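An overview of the molecular structure
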Amino acid sequence: MKPKTYTGGCLCGRIRFEAVGVPKKPHTCSCKMCRRHSGALTTASAEFARDEVSWTGPGGAPATFRSSDFSSRSFCPACGSTLGAIDDAPVIALVLGSFDKPNAKELMPLYHSYRGGRPKWWHVSAGSDD
């Protein structure tokens, strides 16, 4: 059976990706880095091994900003769109909003990281159909 391919990219289309395989750790996150990088109170992402992700658009690989001792945030240098995080461990976390078809069941977040980082009035129901 051929592995599933997921595609997506930035707002302007210069940075495009193909991720092949099973998404790992689909989740939402309200940590300070995700909030500041995206401008959103919560991000949603899924992880793929680095060798499962190809940058296919005319802009090549995204620009990165070193955000911690173990990770860099990725974004389009032309339009500024958030694409996710590229960890030193061979993992790329792609934000679900950048996927062409984010409705795939296997992309549904299963848990919420850094729940305490969200404002108390902000409610996220990972793993449900609210």
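Now for a description of the structure that goes with this document. What you see is a predicted model, and the numbers here were worked out from it, not measured in a lab.

By definition, the strands of a sheet pair up through backbone hydrogen bonds, in either a parallel or an antiparallel sense. One open sheet accounts for 3 strands, arranged 1-2-5; its pairing is antiparallel. Edge positions in the sheet fall to strand 1 (5-9) and strand 5 (53-55), since each of these pairs with one other strand and no more. The average angle at which neighbouring strand axes cross in this sheet is 20 degrees, direction not considered. Across 3 bridges, the pairing between strand 2 (residues 16-20) and strand 5 is antiparallel. Within the sheet, the bridge partner assigned to Glu-18 lies in strand 5 and is Ser-54.

We now examine the sheet that holds strand 8 (residues 82-87). Taken together, 7 strands build an open sheet; the order of strands is 6-7-8-9-4-3-10 and the sheet is mixed. Each edge of the open sheet is held by one strand with a lone partner, namely strand 6 (63-66) and strand 10 (111-113). Between one strand and the next, the sheet's axes are offset by a mean angle of 30 degrees, whatever the strand orientation. Sheet topology note: the strand 7 (residues 71-75)/strand 8 ladder contains 5 bridges and is antiparallel. Note that in strand 8 the partner of Arg-73 across the bridge is Ala-85.

Generally speaking, a soluble globular protein has its nonpolar side chains buried in company with each other. Counting residues in each nonpolar core, the largest one holds 13 residues, and the members touching the most others are Tyr-6, Ala-19, Phe-48, Val-53, Leu-94, Phe-99 and Leu-107. Elements represented by at least two residues in this core include exactly strand 2, strand 4 (43-49) and strand 9 (91-95). Those residues in contact with Tyr-6 that lie beyond four places of it in its chain are Phe-17, Glu-18, Ala-19, Gly-21, Pro-23, Phe-48, Phe-99, Ala-104, Glu-106 and Leu-107.

Reading the values: the criteria
Residues numbered from 1 in each chain as written. Predicted model: local features only at pLDDT ≥ 70, side-chain atom pairs only at ≥ 80, totals over all residues. Heavy atoms only, no water. Pairing = 2+ DSSP bridges. Helix = DSSP H or I, 4+ residues; strand = E, 2+ residues; numbered from the N terminus. Axes fitted to C-alpha atoms, helices over the stretch in contact; angles between N-to-C directions. Core = buried A, V, L, I, M, F, W, Y, C linked by side-chain atoms within 4.5 Å. Buried < 20%, exposed > 50% of the residue type's maximum accessible area, 1.4 Å probe, protein only. Contact = heavy atoms within 4.5 Å.

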